[in-house]
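Here is how the chains run, residue by residue.
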Amino acid sequence: MYFFSTTVAAISFTFVFLLELATHSLANGTTNTTHRPRPQRQLSVDYYSKTCPQVDQLVASVTSQQFKEAPISGPATIRLFFHDCFVEPLVVVTIISYLATCPRAREMITTLIRHSPKLTPEPGKESGILCMNNGCDGSILISTKQGSKELAERDADDNKELAVEAFDSINKAKMLVESKCPGVVSCADILAIAARDFIHLAKGPYYQVKKGRWDGKISMATRVSPNLPRANSTLDDLIQLFKSKGLTLEDLVTLSGAHTIGFAHCKNFLARLYNYKNTMKPDPSIELRLLEALTMLCPRFGGNTDIVAPCDVTTPFLFDNAYYGNLESQLGVLASDQVLFLDPRTKPLVQALAKDKEKFFQDFAVAMDKMGSIGVKRGRRHGEKRIDCSMNEH
Ligand code: HEM
């Protein structure tokens, strides 16, 4: 149902809109700047060279099939990877038990005490610390346990729109990998590889994926919302959130380029069409023909909640840099995209990427590598290798 209605809506939207925009063209240039990658902790391209050397090919055989049968798997899996990496569970642990559950606790406690000596734990008193040690650890793939009151990440409101096809792709890839290399490859690594494959299948860059992530043992719906950006987040909020993950302003602009493929539900841009900042008017920064097309697609009240519009209205199925050219022409669908061109802090970055597809591809590969290393864990004490990605051992 989801696939049918979203696809039909998207294709008809695209057709009408592409006709209107037949003259819209994007220039190519050669501006070049470089990113400085954050040092990678322990991940490596050849991590499975002895234990499962064919892992990339195994995953590729599933992703290419999925791409043919259910193309929505592509953007959905890229977004799944992003949501996995950004969400960091916050766990309260006691000082005594901290090393088992929170490997960063010792460092965190030392820093805390250095800055606030009053917080030194008193002997005999239960002392709790908040531990944030997750990231790209496949925790988004875990299903809520039957009968459990505590929902897993994937059931959080912000993750409800993640298409089931993305989870299916990972599960299928995992089953195939398990049949050839049992108990070796983590779900988190399979997700990272699959996201790269789908980017390439949509004609985006191919880059080597570093591997060696272990799967997390904790998945909490309550940690999702504070760790994810929203379509109506301000640029300050976006910068702050990305910074908290070790990502720069450049990374923010580059990674937002993932919106060159995929779709957004009406509710994520409805306020821009009808009640921008409580003015009861449309956002003045939306190009008029786009505004018309979007309002036809998404009525103010009572519209079908499954309807979606492409995030990149000119080339929605191609992983290219047209997304940035769209922003220059006020054709951004999400407010959080359009703001990147409207704000002087990010405008020159958008312009540089709009001019130069190769630069976008290079920067994007580097930024995905950085994002893919957020909070990775290694070893049995901190993680596990799940056989079924949807079920953890705990
Ligand atoms: C910068 C902050 C970001 C915000 C505010 C944001 C927000 C959104 C929203 C609201 C949607 C529409 C979801 C729907 O209605 O179903 C979306 C879709 C998407 N996002 Fe983002 N996003 C951000 C960054 C990223 C990043 C960093 C990536 C990956 C590297 C990404 C990948 C995607 C993809 C591929 C889709 C399309 C999903 C699909 O078609 O199933 N986004 N995003």
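Residues numbered from 1 in each chain as written. Predicted model: local features only at pLDDT ≥ 70, side-chain atom pairs only at ≥ 80, totals over all residues.

K.L.:
Before we move on, can you summarise the overall build of the protein with the specific residues and values?
P.N.:
From N to C terminus, the protein includes 15 helices and four strands. Among the 394 residues that make up the protein, the fraction classed as buried is 44%. Of the contacts formed within the protein by residues at least 6 apart in sequence, a portion of 81% connects residues at least 24 apart. (Helix = DSSP H or I, 4+ residues; strand = E, 2+ residues; numbered from the N terminus. Buried ≥ 20, exposed ≤ 12 C-beta atoms within 10 Å, placed from the backbone. Contact = placed C-beta atoms within 7 Å.)

K.L.:
Give a detailed account of the site of the ligand, specifying residues and quantitative values.
P.N.:
In the vicinity of the ligand lie 26 residues, with Pro-75, Leu-255, Ala-258, Gly-262 and His-265 positioned nearest. When residues of the shell around the ligand are assigned to their parent elements, the largest contribution, five residues, is made by helix H3 (residues 73–86). Among the residues making up the shell around the ligand, the classes are represented as 16 nonpolar, seven polar and three charged. (Near = placed C-beta within 6 Å. Nonpolar A, V, L, I, M, F, W, Y, C, P; charged D, E, K, R; others polar.)

K.L.:
An account of the environment of Asp-197 is needed here, citing residue identities and associated values.
P.N.:
Turning to its location among the elements, Asp-197 is positioned in helix H7 (residues 187–201). The spacing of Asp-197 and Asp-56 is 141 residues in sequence and 9.0 Å in space, taken between C-alpha atoms. Excluding residues within four positions of it along the chain, Asp-197 makes contact with Val-59, Ala-60 and Thr-63.

K.L.:
I'd like a rundown of the nonpolar core, residues and numbers included.
P.N.:
Nonpolar side chains tend to gather and get buried jointly when the protein is soluble and globular. Within the largest apolar cluster, 87 residues are counted, with the highest numbers of intra-cluster contacts made by Val-59, Ile-170, Ile-190, Leu-191, Ala-194 and Val-350. At 10 residues, the largest contribution of residues to this core is made by H7. Setting aside anything within four residues of it in sequence, one finds Leu-191 in contact with Leu-80, Phe-81, Asp-84, Gly-138 and Ile-170. (Core = buried A, V, L, I, M, F, W, Y, C linked by C-beta atoms within 7 Å.)

K.L.:
Which residues make up the UniProt feature "binding site: Ca(2+) 1" (unreviewed entry) in the protein, and what are the values?
P.N.:
Mapped onto this structure's residue numbering, the UniProt feature "binding site: Ca(2+) 1" (unreviewed entry) falls at Asp-84, Val-87, Gly-135, Asp-137, Ser-139 and Glu-153. In summary, the annotated positions, though distributed over 70 residues, converge in three dimensions, the widest C-alpha pair being only 12.0 Å. Among the secondary structure elements, Asp-84 is positioned in helix H3. In this view, Asp-84 contacts Cys-136, Gly-138, Ser-139, Ile-140 and Leu-191; residues no more than four positions away in its chain are not counted. The topology assignment puts Ser-139 in the loop between strand E2 (128–132) and helix H6 (164–180). (UniProt positions renumbered as here; feature names shortened; annotations may be inferred.)

K.L.:
I'd like a description of the environment of Phe-81, backed by residues and values.
P.N.:
Tracing the backbone through its elements, the reader meets Phe-81 in helix H3. As a C-alpha pair, Phe-81 and Gly-135 span 54 residues in sequence and 9.9 Å in three-dimensional space. If we skip the residues at most four places from it in the chain, Phe-81 touches Leu-191, Ala-192 and Ala-195.

K.L.:
How would you explain the confidence of the model for the protein if you had to name every residue and give the values?
P.N.:
Predicted confidence across the protein gives a mean pLDDT of 85, with 77% of residues reaching 70 or more. Ignoring residues within four places in sequence, the model shows residues 121–127, a span with pLDDT below 50, making five contacts including any to other chains. (pLDDT = per-residue confidence, 0-100.)

K.L.:
Lay out the UniProt feature "site: Transition state stabilizer" (unreviewed entry) in the protein with the relevant residues and their values.
P.N.:
Summarizing the sequence annotation, UniProt attributes the feature "site: Transition state stabilizer" (unreviewed entry) to Arg-79 in the numbering used throughout. Every residue in contact with Arg-79, bar those within four places of it in the chain, is listed here: Leu-162 and Gly-262.

K.L.:
Tell me about helix H14 (residues 347–355), and name the residues and values.
P.N.:
Along H14, the positions that sit buried rather than exposed are Leu-349, Val-350, Leu-353 and Ala-354. Buried positions in H14, seen along its axis, are confined to an arc of 135° and lie on one side of it. Its buried side turned inward, H14 meets helix H9 (249–256), helix H12 (322–328), helix H13 (335–342) and helix H15 (357–371). (Arc of directions from axis to C-beta.)

K.L.:
An account of the packing of helix H2 (residues 55–69) against H7 is requested, with residue identities and associated values reported.
P.N.:
At a minimum axis separation of 9 Å, H2 and H7 run at an interaxial angle of 50°. When the interaxial angle is binned, H2 and H7 end up oblique. H7 is crossed by H2, and the crossing has right-handed handedness. Here Asp-56, Val-59, Ala-60, Thr-63, Ser-64 and Phe-67 of H2 come into contact with H7, specifically with Ile-190, Ile-193, Ala-194, Asp-197, Phe-198 and Leu-201. Residue classes in the contact of H2 with H7 are distributed as eight nonpolar, two polar and two charged. (Axes fitted to C-alpha atoms, helices over the stretch in contact; angles between N-to-C directions. Parallel < 35°, antiparallel > 145°, perpendicular 65-115°, else oblique. Left-handed = near helix turned anticlockwise from the far one by under 90°.)

K.L.:
How would you summarise unusual backbone geometry if you had to cite specific residues and measurements?
P.N.:
Here Lys-277, not a glycine, exhibits a phi torsion of approximately 45°, which is positive. When you line up the elements, Lys-277 lands in the loop between helix H10 (270–274) and helix H11 (288–297). Although it is not a glycine, Asn-278 adopts a positive phi angle of roughly 60°. Residue class for Asn-278 comes out exposed when judged on the 7 C-beta atoms lying within 10 Å of it.

K.L.:
Please provide a residue-by-residue account of the packing of H3 against H6, values included.
P.N.:
One way to put it is that H3 packs onto H6 with a least axis distance of 8 Å and a crossing angle of 80°. The orientation of H3 relative to H6 falls into the category roughly perpendicular. Residues Ser-73, Ala-76, Thr-77 and Leu-80 of H3 pack against Glu-165, Ala-166 and Ser-169 of H6. Of the residues in the contact of H3 with H6, the class split is three nonpolar, three polar and one charged.

K.L.:
Can you break down H9 residue by residue, with the values?
P.N.:
Judged by how many residues are buried, H9 sits mostly within the fold: six of eight residues are covered. Listed as buried for H9 are Glu-250, Asp-251, Leu-252, Val-253, Thr-254 and Ser-256. Looking at the buried side of H9, the elements it contacts are helix H8 (235–244), H13, H14 and H15.

K.L.:
For the environment of Ala-60, give the residues involved together with the corresponding values.
P.N.:
Positionally, Ala-60 belongs in helix H2. Note on Ala-60: 18 C-beta atoms within 10 Å, which makes it partly exposed. When the C-alpha atoms of Ala-60 and Arg-196 are compared, they prove to be 9.6 Å apart, with 136 residues separating the residues in sequence.

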